[in-house]
Amino acid sequence: MSNAVAAEKPASTLQGATLPTWSPYAIAGGSIVLAVLIGLVGSLDSKVQWGLIAAILFVIGTYVVAARIEGTRQAKDRIATSLVWVAFLLAVVPLVSLLWTTISRGVKVLDVYFLTHSMGVVGDTEPGGGIYHAIIGSLEQVGLATVIGAPIGVLTAIYLVEYGSGALSKAVTFFVDVMTGIPSIVAGLFILSLMLMWDMQPFGFAGSCALAILMMPVVVRSTEEMLKLVPNELREASLALGIPKWRTILKVVLPTAIGGITTGIMLSVARIAGETAPVLLLVFGNPFINNDPFHGAQASLPLYIYQQFAQSAGSGAAYDRAWAASLTLIAFVMILNLVARGIARWKAPKTGR
Amino acid sequence: MDISTKNPEEAPPPTPEPAAAQKPAARGATRPGDRIFLGLSRGSGILLLVIMAAIAVFLTYRASLAISKDHANFLTTFEWNTGLVPPKFGIAVLAFGTVVSSIIAMVIAVPIAVAIALFTTHYAPRKLRGPVSYVIDLLAAVPSIVYGLWGALILVPHMVGLFGWLNDYFGWTGIFSWDQGAPRSMLTVGVLLAIMILPIITNVSREVFRQAPQMIEEAALALGATRWEVIRMAVIPFGRSGVISASMLGLGRALGETMAVATVLSPDFIIHASLLNPGGGTFAQNIASKFSEATPDGRDALIASGLVLFVITLLVNGAARLIIARRAEYSGANA
C-alpha cells in the first residue's frame, strides 16, 4: 500500500520522488539482519563488531537507495541525519553505563551503617567501614568555600553590572573568564605554595580556599547574567523615590534576581563538591573523624573515592566502598542541580518574554 | 600580568561620565552607605584580579626555587627524579602526554559535540529537545573522580576489543601497535577526556547555532535546499568561530583534567610512539600521583610543572574568550 503512495507522489511536478516514511526502518531492519548473518557466518564474537557492521550497512544502504530514487542531494541529507542521530546515541551510551554501574554497584554497601561510620579501624582492603568522616569533611570544606566564594562572587557581579565601567571592569570581566578555565589542580598548587611559605601542614580550610577560588568565577558569571535581566525601570523607579543606590541594589535589584543568584551559587557548589585534586594536595585525607577544619588533615567524599580506588591494591571491598561513595556524591550533586533548577523556574524574573 | 592589573585600579574614577548617561546615577558614591557598598563591590572585583596575579607570582616564585636546583634541562629531560642528590627532572614527557591526550580528546569530542548541538537545534523532534539538553547537562554534572573510577574499572576492560582490532589492522603504522598490556594508555585517556569535555563544547555550540539567522535558513529552504545544505551553507559558517572557541574551552578542560587521567593511566617517563601501550603522563596526573611521596624540593618541582600547565591553559582560554568577544561585536553590528 505504501508503495502505491510512493508511486503517486511524482504526480506533483514541484517535488521529485521521495522515499516512503517507513523506508529508514526497513533499511535499518535489513542491515541488522544482514549484519547478524555476516556475524554468524564470519563467527565474529564481539557484539560491538555486529553493531558496527549494521551501522555501516545502514549508512551505505540509505545512501544507495536514496541516491537511486531521490537523487544524491537528498541522499547526503539522509546520511547527515543518521550521523547526527548516531552522535547523540554515542553520547548517551557512556552516561547510561556510568549511571547504571554507579547505582548497581553502589547500592551493595550503601546503608545507614555506611553513612554513619568512619574508616578509623578498618584497613583499606578489609570490608566494613563507611564515609561519615568524608561527609563531615566535604560539608565543612564546601560550606566554608561557599561562605568565602559566594559573597565575593556576588559583590563582584554587582560591581560589574551596577557600577562597572572603564578599564577596571573590563579587566575584571576578562580575568573572570580566564579564571573559569583554571585547572583545579593549579588552584590547589597556589594555596600549597602559600602553605609552604609558612610551613603549614594540611588542613581542611586550605582546601576550602582553593575551592573558593574555583567557585568565584562561576558565581560571578551566573549572578551577572541574572542582574542584567532585572529591568532598568525598577532601578529608576527606586532611585526616583530618593532611595540611595546601595539600598536600591539591596532591596530592589537583589530580591528580584535572588532566584537566579541562588541557582548559580548552588550549581557552583555542586561543581566544587566533586573536586578532588585540590583536596588531595591540601587536605590530604584522614581515615579518622576530624570535625575541625582548621587543624589537621580531613577526608572528603571525592578524595575518599580516589583513595579507596588507588590505595586498595584491587580489593573488592574497597571498590564497593568507592562505588557507594560515588553514588552518594552523584546523588548529592544531582539533588543540588535539581533543586537549583527548581528555584530557577519558580523564581524566574518576569521579564515579559 | 602585574602591570595589567595595576593600571585599571587607577583608571576608573575619570571614566564614569559616559556610563551615567545610560545607567542611573553611576556617580552615586556620595552617601556613606553608598561609599561603603561601592568600596565592598569594587574591592571584590580587585580581589579577583589580585588572586589571579598572586597565583602567577607565587607559582613563579616556587618554580624558580625548583628550577634553580634542577641539574638537568627542565624543558627537555625525560625523567622525574626529584629525590636524587643532584635532582634531575624535566617536563618533556608530561608536555607530550598532555598535548597528545588532549588532541585525541578533541578529535573525538568536537565532531560528536557539534553533531549533538545540531541535533538539539535542528534535528531532534521538538518534544525531545528539552530532555536531550538535560542529558547533556547531566554528563556535565558528574564529578570528574566518578568519571575516573568508571574509566578505570569499566572503560579500560571494554577497550581491549577495540585495541586488538586497531592493532590487527593499523598496527603497522606504529601509532596503533599494541603489546597486549592492560589498555591504561593515552588512547583510553583520550576517549575518557572526550566524554568529559563533550558537554561544554555541546552547550556553547548549541547557543551559537541557535542564534543563526532564521531568515537565511528559511530563504535557503525556500530555494529548495535540503536540511543538510541549510546547515552546511547557513548554520555552520555562522557558527564557525563559536565552535572554535567552544572547542578551545573544551581543550582547556582536557589539558587540566587530573583525576580521570590519574586513575586510568599507568604512567612512566618515556615517550611512546604507540598510543595503545600504557605509559607517558600529563602535568596534572603527574602532580596528583607524585605529590604524596614528594620531598619539599619535589613539591617545588611539581609546582614548577603546574606553572607550565597554568600558562598553557591561560593562553588557550584567553584565546577562546577573545574569539568569542570578537564574534559578539561582529554579530552585534549586524543584528
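Please read all numbers here as calculations on a predicted model, not as lab measurements.

## Section: the overall build of chain A
Now for step 1: Each helix and strand in chain A was counted, giving 14 helices and zero strands.
Now for step 2: Counting helices and strands in the order they occur from the N terminus, chain A gives α-α-α-α-α-α-α-α-α-α-α-α-α-α.
Now for step 3: Against the globule reference of 20 Å for 353 residues, chain A gives a C-alpha radius of gyration of 28 Å, more extended than a compact globule.
Now for step 4: Judged by the C-alpha coordinates and their principal axes, chain A covers about 80 × 70 × 35 Å.
Now for step 5: The buried share of chain A, taken over its 353 residues, is 47%.

## Comments concerning the interface of chain A and chain B
Now for step 1: Taken together, the 80 residues of chain A in the interface contact 81 residues of chain B.
Now for step 2: A total of 19 residues in the side of chain A that touches chain B trace back to one element, the largest contributor, which is helix H4 (residues 72-106) of chain A.
Now for step 3: Classifying every residue of the side of chain A that touches chain B gives 56 nonpolar, 16 polar and eight charged.

## Remarks on the domain arrangement of chain A
Now for step 1: Domain annotation of chain A identifies domain 1 (2-97) and domain 2 (116-346).
Now for step 2: One C-alpha centre belongs to domain 1 of chain A, the other to domain 2 of chain A; they are set 47 Å apart.

## A few points about the packing of helix H13 (residues 301-310) of chain A against helix H6 (residues 144-170) of chain B
Now for step 1: Close contact between H13 of chain A and H6 of chain B brings their axes to 9 Å; oriented N to C, the two are set at 20°. Judged by the angle between their axes, H13 of chain A and H6 of chain B are roughly parallel. Relative to H6 of chain B, the crossing made by H13 of chain A is left-handed. Listed contacts from H6 of chain B to Pro302, Ile305, Tyr306 and Phe309 of chain A of H13 of chain A are Ile145, Leu149 and Ala152 of chain B.
Now for step 2: Here the residues of the contact of H13 of chain A with H6 of chain B sort into seven nonpolar, no polar and no charged.

## Some remarks on unusual backbone geometry
Residues and elements named next belong to chain A.
Now for step 1: Of note in this structure, Asp199 is not a glycine but carries a positive phi near 55°.
Now for step 2: Residue position: Asp199 is located in the loop between helix H8 (184-197) and helix H9 (204-229).
Now for step 3: Judged by C-beta crowding, with 7 C-beta atoms within 10 Å, Asp199 ranks as exposed.
Now for step 4: Residues other than glycine seldom take positive phi values, yet Phe284 does so here, at roughly 75°.
Now for step 5: One can find Phe284 in the loop between helix H12 (277-282) and H13.

## Quick notes on the environment of Ala171 of chain A
Residue and element names in this part refer to chain A.
Now for step 1: Among the secondary structure elements, Ala171 is positioned in helix H7 (residues 166-180).
Now for step 2: By C-beta crowding, Ala171 is classed as buried, having 21 other C-beta atoms within 10 Å.
Now for step 3: The spatial distance from the C-alpha of Ala171 to the C-alpha of Thr263 is 26 Å, given a sequence separation of 92 residues.

## Observations regarding helix H5 (residues 126-141) of chain B
Now for step 1: Compared with the 22 Å implied by 1.5 Å per residue over 16 residues, the 24 Å span of H5 of chain B between its first and last C-alpha is a close match.
Now for step 2: Of the positions making up H5 of chain B, those classed as buried are Val132, Ile136 and Leu139 of chain B. Summarising the axial view, the buried residues of H5 of chain B lie within an arc of 50°, below the 170-degree limit, and thus occupy one face. Among the exposed residues of H5 of chain B, those pointing more than 90 degrees away from its buried face are Lys127, Gly130, Pro131 and Tyr134 of chain B.
Now for step 3: Of the surrounding elements, those touching the buried residues of H5 of chain B are H4 of chain A together with helix H4 (92-123) and helix H7 (186-210) of chain B.

Each value, and the rule that gives it
- Residues numbered from 1 in each chain as written.
- Chains lettered and ligands numbered in written order.
- Predicted model: local features only at pLDDT ≥ 70, side-chain atom pairs only at ≥ 80, totals over all residues.
- Helix = DSSP H or I, 4+ residues; strand = E, 2+ residues; numbered from the N terminus.
- Rg over C-alpha atoms; globule rule 2.2 N^0.38 Å.
- Buried ≥ 20, exposed ≤ 12 C-beta atoms within 10 Å, placed from the backbone.
- Contact = placed C-beta atoms within 7 Å.
- Nonpolar A, V, L, I, M, F, W, Y, C, P; charged D, E, K, R; others polar.
- Domains from an automatic or database assignment.
- Axes fitted to C-alpha atoms, helices over the stretch in contact; angles between N-to-C directions.
- Parallel < 35°, antiparallel > 145°, perpendicular 65-115°, else oblique.
- Left-handed = near helix turned anticlockwise from the far one by under 90°.
- Expected span 1.5 Å × (residues − 1).
- Arc of directions from axis to C-beta.

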